[in-house]
Amino acid sequence: MKVDIWSDIRCPFCYVGKKNFEKALEQFPDKDKIEVTWHSFQLDPELKTQPEKSSLDYFSEAKGVSADEAKAMYENVYNAGKGAGIDFNFDHQKVANSYRAHLLLQLAATKNVANETEEALFKAQLVDGKNIDDEATLIELGKSVSLTEEEIKEALVSDDLGMEVTRDMMLARQMGISGVPFFVINDKYGVSGAQPPAAFTDVLESSWKEFSAGDKGLQIIYSGESCDIDGNCD
């Protein structure tokens, strides 16, 4: 059974959603029969990489609020991270365009290490404060999941992989996806946002029962915390 996940590496709720989904999947009796595919989604394709600026500074400027107000607005994100076992580090998170990170992810998908790469990218961006638009950083992360330096460098300038990123984004628009994370289970059930593990367990069990029925037509049955293209994470 297929599970398709759209996310952006810059999105904290996408990391929370990944962790919660994995907790549910780990307990699912037929987990070895679930095929997970990660899809690219850029919340802000035009974002200029500014590694000298923290995400909180960028957010406070973009929203016209003070640094303290920005931290208060992120309290829900912090708490969601804690609940999922993530210690978000927004004070040191770099402002970086995620496009080249998605190129690395597309390469990883061809080598069957997409999930490991997604995890490495999330941790680098949201916990370790690394610049995910930096070639040396992406080479380091790619090599950590067994990709070679040569193929990583080729991926970061690949038009073909760039088309895969674009194709994922176009498919998301066709499906009406404007915020991430977004999960599509069995081509039928849409789950929006970083749901708790119990919600993912529920939809996995329901979808598995219907897997052989061949029913189609996307139904959004859960909607929760996510980040959208307007820069809101709630």
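Residues numbered from 1 in each chain as written. Predicted model: local features only at pLDDT ≥ 70, side-chain atom pairs only at ≥ 80, totals over all residues. Heavy atoms only, no water.

Section: the overall build of the protein chain
The helix and strand tally for the protein chain stands at ten helices and nine strands. Relative to the 2.2 N^0.38 estimate, which gives 17 Å for 234 residues, the radius of gyration of the protein chain is 17 Å and therefore close to what a compact globule would have. With respect to the three principal axes, the spread of C-alpha positions in the protein chain is 55 × 45 × 30 Å. The buried share among the 234 residues of the protein chain stands at 49%. Taking all contacts inside the protein chain whose residues are at least 6 apart in sequence as the whole, residues at least 24 apart take part in 76%. Charged side chains in the protein chain number 24 positive and 42 negative. The centres of these two groups are separated by 2 Å. (Helix = DSSP H or I, 4+ residues; strand = E, 2+ residues; numbered from the N terminus. Rg over C-alpha atoms; globule rule 2.2 N^0.38 Å. Buried < 20%, exposed > 50% of the residue type's maximum accessible area, 1.4 Å probe, protein only. Contact = heavy atoms within 4.5 Å. Lys, Arg positive; Asp, Glu negative; His and termini not counted. Charge placed at Lys NZ, Arg CZ, Asp CG, Glu CD.)

Looking at the packing of aromatic side chains
All chains considered together, the criterion is met by nine aromatic pairs. Consider the rings of Y78 and F90, whose centres lie 5.0 Å apart with planes at 75°: the pair is edge-to-face. Here the residue Y78 occupies a position in helix α4 (residues 75–83), and F90 occupies one in the loop between α4 and β4 (94–95), the gap between them amounting to twelve residues. Residue Y78 is classed as partly exposed on the basis of its relative accessible area, which comes to 25%. Under the relative-accessibility criterion, F90 is labelled buried at 1%. An aromatic cluster is defined as three or more aromatic residues linked by ring pairs; in this entry it consists of F59, Y74, Y78, F88 and F90. (Phe/Tyr/Trp six-rings, centres within 6.5 Å; stacked < 30°, edge-to-face > 60°.)

Digging into the pairing of strand β1 (residues 2–7)
The element β1 is largely enclosed, with a buried count of five among its six residues. Pairing analysis gives six bridges linking β1 to strand β2 (residues 35–40), with the strands arranged parallel. Following the sheet pairing, S7 is matched in β2 by S40. Once the chain exits β1 it traverses helix α1 (residues 12–27) before rejoining the sheet at β2, and the crossover so formed is right-handed. Sheet topology note: the β1/strand β6 (residues 182–185) ladder contains four bridges and is antiparallel. Within the sheet, the bridge partner assigned to D4 lies in β6 and is V184. (Pairing = 2+ DSSP bridges. Right-handed = clockwise from strand over helix to strand, strands pointing away.)

As for helix α9 (residues 159–174)
Given a rise of 1.5 Å per residue, 16 residues ought to cover 22 Å, and the 22 Å separating the end C-alpha atoms of α9 matches this to within 8%. Within α9 the residues assigned to the buried category are L161, G162, V165, D168, M169 and A172. The arc enclosing the buried residues of α9, seen along the axis, measures out at 115°, which places them on a common side. Opposite the buried face of α9, at more than 90 degrees from it, the exposed residues are D159, D160 and Q174. Among the structural elements, β1, β2, α5 (99–110) and α8 (149–155) are those in contact with the buried residues of α9. The opening residue of α9, the one whose side-chain oxygen lies 3.3 Å from the backbone nitrogen of D160, is S158. Just downstream of α9 lies G176, where phi reads positive at about 80°. (Expected span 1.5 Å × (residues − 1). Arc of directions from axis to C-beta. Polar contact = N/O pair within 3.5 Å; in protein donor to acceptor, adjacent residues only side chain to side chain.)

Some points on the layout of surface pockets
One number sums up the size of the second largest pocket: a volume of about 270 Å³. What lines the second largest pocket is a set of 16 residues, among which V36, T37, W38, A114 and N115 lie closest to the centre. When residues of the lining of the second largest pocket are traced back to their parent elements, those giving at least two are α1, β2, α5 and α6 (114–126). Its residues placed into classes, the lining of the second largest pocket shows nine nonpolar, three polar and four charged. (1 Å grid on protein atoms, 1.4 Å probe; cavity = no way out; pocket = protein on both sides within 12 Å on 5 of 7 lines; lining within 4 Å. Points joined across faces, edges and corners; volume = space filled by probe spheres on them. Nonpolar A, V, L, I, M, F, W, Y, C, P; charged D, E, K, R; others polar.)

Looking at the nonpolar core
Counting 50 residues, the largest nonpolar core has W6, F41, F88 and L147 as the members making the most contacts within it. Core analysis: the next-biggest nonpolar cluster, separate from the first, contains 18 residues, A24, L25, F28 and V191 among them. (Core = buried A, V, L, I, M, F, W, Y, C linked by side-chain atoms within 4.5 Å.)

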